[in-house]
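Coordinates in review
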There are 2 protein chains.
Amino acid sequence: MDRATEMMIFVRCVEEGSFSAAARAMDMTPSAVSKQIRRLEDRLGARLFNRTTRRINLTDVGRDFYERCARIIAEIEEAEEVVSSLQDTVRGTLRVAATAAFARGEILPRINAFLERYPDLSLEMQLTDRMLDLVEQGIDVAVMLQEQVTDPSLVARKLANNRRIVVASPDYVARHGEPKTPEDLYRHNCLSLYNVSRFNDWEFEMPDGRRQVIHVQGNFRANTAGALYEACLVGVGLARLSAWMVAPRLRDGSLVELLPDYVQEVTAYYVLFPQGRHMSRKVRAFVDFLVEQFTPVPPWEQDESLMLRGYQRSGEPA
Amino acid sequence: MDRATEMMIFVRCVEEGSFSAAARAMDMTPSAVSKQIRRLEDRLGARLFNRTTRRINLTDVGRDFYERCARIIAEIEEAEEVVSSLQDTVRGTLRVAATAAFARGEILPRINAFLERYPDLSLEMQLTDRMLDLVEQGIDVAVMLQEQVTDPSLVARKLANNRRIVVASPDYVARHGEPKTPEDLYRHNCLSLYNVSRFNDWEFEMPDGRRQVIHVQGNFRANTAGALYEACLVGVGLARLSAWMVAPRLRDGSLVELLPDYVQEVTAYYVLFPQGRHMSRKVRAFVDFLVEQFTPVPPWEQDESLMLRGYQRSGEPA
DNA sequence: TATCATTTGTGCCTGATTTTCAAAGATCGG
DNA sequence: CCGATCTTTGAAAATCAGGCACAAATGATA
């Protein structure tokens, strides 16, 4: 049933003009070659070589078959070479799925460096906050929060801690005061998500190690963190937002961090890709790029004493 | 190392959209399919399918490889089909080698019936009296005398006895008398070949069963039997010639048979072709045609009481 | 919601296929 | 005429592929 090998041996015999020479060239024994040719002839029901005990000579049928075999083998080798080449070079199309806000805020601003590094690669970026089936959708790489990772056929590599910070605008703090303990939050207007109730349970680790969960409430709710961010900026209330999202505002003072001495729960962004023996170079290239960008210290945690302090307190590089 | 089977299974998996479905379609177990795909991926060093435990989906690389595989498999099947078709139909070129005189006298006059029977076949007829290497020369079929058959890789099928007859022209007999015993030949002018000395040892079987060899001599020698034939016709002397060559002249009386009661050595024409498991249809067709033409009774032995008598005495059909 | 059937993947084992080894038959070159 | 080389074959050995059983996971279904 081994068509291709038979054909390759046959072609080699034709080109070497001898079973023995072909056997030497292919590091086989002459008898193995002889038997392969015999099998091929038996399967085809036709004689390919006329033989004496000393010489072989192509039949007409054999000559025709040789032409075809030579072409077929070349195509097989080309096909396999193309696969290996596609595998070993970064080209083609890479399909990436990422959570919308994080991609807009942190990935896309840096994506040009990646594309310039690999001019033969094109990128398809799908922004979504829904969990999706990578295999079904033909997604090569996904970037999402830890809790969304369920698929066991995927490899998850940690990109960056997603530190949550409770913030408010200086204006709000001036008007309502600054909470000193988590319990104080009950007396503040806490902006919340109405579609992820879990997001509204703010967990703090007390200085003595105990954990405390505050179920916050307020008069403004939205369905995305981005909406809370905007509301917070204009002084509507307190919000618990990702560090990367509020870092610039903390720097320029348009938001201030509250309860800095209480460690909050830390999740992380992960990069996901299909596990398996054979990881394509383009996937590896993108994963490497992301890791390079966001580890050991993610960009929003850099350059600012305030940020560094917060970062070192709440997490360490992957 | 079984490229083609791997590729066929891969293609089937793509088309069925599932390992299990492909396995059912190809009458295999799913695990066998899974392993083949795994082997293929390992050899290529690339992932062809993304899988969950429940679904598979082509990768980009896999899609490219599939296109190529589908084409390659079609070509493999076409190549094998063409071989079988060439094998099973009588077409192409048939290369025949034959002894010159017999071919001109007995084969070529009948060859048109053969060519008309197989309109897709073309014939290359090489007339030669030298023994040649069928394999080396790419000859499909050879027709020659028994004694020229030495190659053990050939099958020899007997076509017709080659009865030898001593003849002379009536004119010569009238002038020199008719020999009554083999010994009488020593007193006659016997035409001989100068290149095949063996041909000049005329062997007779006496009525009592003893064998007698007469080494003939005369004043005319030539290098072909055809030349002796022409000389004999014009009354130069006695010649020992093949029955097929002199039969028309015996019928029309321009030659007469001498020593008819002495059985002479009988050789035979054989049709030779490469032995082996797989005999091509065109070779078989030609061999069948020759056998049909020359057996059980060769044409020159037919229709004439004289001929039949001589034939029945000196040989029997193969 | 819980059970069931289906799908992919893996480990082990058996059986078949293939290779190797040894030798024969045959031919070519010196 | 002898030695070297080439094809082929038969038997033994080794490799390889497939089957089975099972696990993990998922979608369908009651």
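Because the structure is a prediction, the values reported are computed rather than measured.

Parameters at a glance
Residues numbered from 1 in each chain as written. Chains lettered and ligands numbered in written order. Predicted model: local features only at pLDDT ≥ 70, side-chain atom pairs only at ≥ 80, totals over all residues. Heavy atoms only, no water. Helix = DSSP H or I, 4+ residues; strand = E, 2+ residues; numbered from the N terminus. Rg over C-alpha atoms; globule rule 2.2 N^0.38 Å. Buried < 20%, exposed > 50% of the residue type's maximum accessible area, 1.4 Å probe, protein only. Contact = heavy atoms within 4.5 Å. Areas by Shrake-Rupley, 256 points an atom, 1.4 Å probe, with all protein chains shown as cover. Lys, Arg positive; Asp, Glu negative; His and termini not counted. Charge placed at Lys NZ, Arg CZ, Asp CG, Glu CD. Salt bridge = Lys/Arg side-chain N within 4 Å of Asp/Glu carboxyl O. Expected span 1.5 Å × (residues − 1). Pairing = 2+ DSSP bridges. Near = heavy atom within 4 Å. Polar contact = N/O pair within 3.5 Å; in protein donor to acceptor, adjacent residues only side chain to side chain. Nonpolar A, V, L, I, M, F, W, Y, C, P; charged D, E, K, R; others polar. 1 Å grid on protein atoms, 1.4 Å probe; cavity = no way out; pocket = protein on both sides within 12 Å on 5 of 7 lines; lining within 4 Å. Points joined across faces, edges and corners; volume = space filled by probe spheres on them. Least-squares fit on C-alpha atoms with pLDDT ≥ 70 in both. Buried area = accessible area lost by both parts, 1.4 Å probe. Axes fitted to C-alpha atoms, helices over the stretch in contact; angles between N-to-C directions. Parallel < 35°, antiparallel > 145°, perpendicular 65-115°, else oblique. Left-handed = near helix turned anticlockwise from the far one by under 90°. Phe/Tyr/Trp six-rings, centres within 6.5 Å; stacked < 30°, edge-to-face > 60°.

Of the regular secondary structure elements, chain A holds twelve helices and 14 strands. Here the C-alpha atoms of chain A give a radius of gyration of 32 Å, more than 25% beyond the 20 Å that 2.2 N^0.38 yields for 318 residues. Classification of the 318 residues of chain A by burial places 51% in the buried group. For chain A, long-range pairs separated by at least 24 residues make up 73% of all intrachain contacts whose partners lie at least 6 apart in sequence. Total accessible area computed for chain A in this model is approximately 14600 Å², and 47% of it derives from carbon and sulfur atoms. A gap of 5 Å separates the mean positions of the 40 positive and 45 negative side-chain charges of chain A.

Under the criterion given, the structure shown has 50 salt bridges over all chains. The salt bridge involving R187 of chain A is made with D184 of chain A; its shortest N-O contact spans 3.2 Å. Looking at R187 of chain A, the relative accessible area reads 64%, which means it is exposed. A relative accessible area of 12% places D184 of chain A in the buried class. With its nearest N and O atoms 2.8 Å apart, the salt bridge here joins R117 of chain B to E292 of chain B. Residue R117 of chain B is located in helix α6 (residues 111-117), and its partner E292 of chain B is located in helix α11 (residues 281-294); the two are separated by 175 residues in the primary sequence.

Every α-helix winds through 3.6 residues per turn, so residues three or four apart in the chain are directed the same way. All names here are of chain A. Compared with an ideal rise of 1.5 Å per residue, which puts 14 residues at 20 Å, helix α1 (residues 3-16) spans 20 Å between its outermost C-alpha atoms and is within 8% of the ideal. Most of α1 is tucked away: ten of the 14 residues are buried. Every buried residue of α1 is listed here: R3, A4, T5, E6, M7, I9, F10, V11, C13 and V14. At the exit of α1 stands G17, carrying a positive phi of roughly 80°.

What follows covers the sheet that holds strand β9 (residues 211-215) of chain A. All names here are of chain A. Read from one edge to the other, the open sheet built from three strands follows the order β9-β8-β13, with strand pairing classed as antiparallel. The open sheet has two edge strands, β9 and β13 (263-264), and neither has a second partner. Across two bridges, strand β8 (residues 201-205) lies against β13 in antiparallel orientation. The partner of F204 across the bridge, within β13, is Q264.

With respect to the helices, strands and loops of the structure, R3 of chain B is situated in helix α1 (residues 3-16). Note on R3 of chain B: relative accessible area 13%, which makes it buried. In contact with R3 of chain B, other than residues within four places in its own chain, are D2, A4, M8, I76 and E80 of chain A together with R43 of chain B.

Here we take up the protein's contact with DNA strand C. Around DNA strand C sit 24 residues, and of these S31 and K35 of chain A together with S20, R51 and R54 of chain B come closest. For DNA strand C, the fraction of atoms within 4 Å of the protein that belong to sugar or phosphate moieties is 72%. S18 of chain B has a polar side-chain atom sitting 3.4 Å from a phosphate oxygen of DNA strand C. Between a phosphate oxygen of DNA strand C and a side-chain N or O atom of R24 of chain B, the distance comes to 3.4 Å. Only α3 (30-44) of chain A together with α2 (19-26) and α3 (30-44) of chain B provide two or more residues apiece to the surface near DNA strand C. Taken together, the residues that form the surface near DNA strand C break down as five nonpolar, ten polar and nine charged.

Our next topic: empty space enclosed by the protein. All told, the structure shown has five cavities of 30 Å³ or more when counted by the stated rule. In this model, the largest cavity occupies a volume close to 170 Å³. Lining the largest cavity we find 14 residues, and of these R47 and T59 of chain A together with D140, S280 and V283 of chain B sit closest to its centre. Taken together, the residues that form the lining of the largest cavity break down as five nonpolar, five polar and four charged.

Copy one and copy two of the chain differ by a rotation about an axis and a translation along that axis. Superposition record for chain B on chain A: RMSD 0.4 Å, screw rotation 178°, translation along axis 0.2 Å. On the angle and the small slide along the axis, the relation comes out as a two-fold axis. Most of the interface of chain B is mirrored in chain A, where 98% of its interface residues are also at the interface.

Before going further, it helps to spend a moment on the protein's contact with DNA strand D. Looking at DNA strand D, there are 23 residues lining it, with S20, R51 and R54 of chain A together with T29 and K35 of chain B nearest. Between DNA strand D and K35 of chain A there is a distance of 2.9 Å, counted from a base oxygen to a side-chain nitrogen or oxygen. Between a phosphate oxygen of DNA strand D and a side-chain N or O atom of R55 of chain B, the distance comes to 3.5 Å. Mapped by element, the contributors of at least two residues to the surface near DNA strand D are α2 (19-26) and α3 of chain A together with α3 of chain B. Looking at the surface near DNA strand D, the element that brings in the most residues is α3 of chain B, giving five residues.

This paragraph deals with the interface of chain B and chain A. Counting from both sides, the interface comprises 50 residues of chain B and, opposite them, 49 residues of chain A. In this assembly, chain B packs against chain A so that about 4800 Å² is buried in total across both faces, 53% of it on carbon and sulfur atoms. Where chain B touches chain A, the interface holds twelve salt bridges. Residues D60 of chain B and R95 of chain A are paired through a salt bridge, measuring 2.6 Å at the closest nitrogen-oxygen approach. Here chain B is connected to chain A by 16 residue pairs in polar contact (both at pLDDT 80 or more). Residue assignment for the side of chain B that touches chain A shows that the elements contributing at least two residues are α1, α3, β1 (49-51), α4 (60-88), β3 (92-98) and α7 (134-137) of chain B. Counting residues per element, the side of chain B that touches chain A draws most heavily on α4 of chain B, at 17 residues. Along the lines of polarity and charge, the residues of the side of chain B that touches chain A split into 16 nonpolar, twelve polar and 22 charged.

Quick look at the packing of α1 of chain A against helix α4 (residues 60-88) of chain A now. Residue and element names in this part refer to chain A. Look at α1 against α4: their axes get within 9 Å of each other, and the N-to-C directions meet at 120°. Taken together, the axes of α1 and α4 are oblique relative to one another. Pair α1 / α4 crosses with left-handed handedness. Taken together, the residues of α4 that come into contact with α1 (itself represented by A4, M7, M8, F10, V11, V14 and E15) are G62, F65, Y66, C69, A70, I72, I73, I76 and E77. When its residues are assigned to classes, the contact of α1 with α4 shows 13 nonpolar, one polar and two charged.

Attention now goes to the packing of aromatic side chains. The tally for this structure, following the rule as stated, stands at 24 aromatic pairs over all chains. A ring pair is formed by F204 of chain A and Y262 of chain A, whose centres lie 6.5 Å apart and whose planes are at 85°; its orientation type is edge-to-face. In this pair, F204 of chain A sits in strand β8 while Y262 of chain A sits in the loop between β12 (256-258) and β13, placing the two residues 58 residues apart along the sequence. A centroid spacing of 5.0 Å and a plane angle of 70° characterise the contact between F114 of chain B and F286 of chain B, whose relative ring orientation is edge-to-face.

From the geometry alone we can't say anything about function, so treat these as descriptive.
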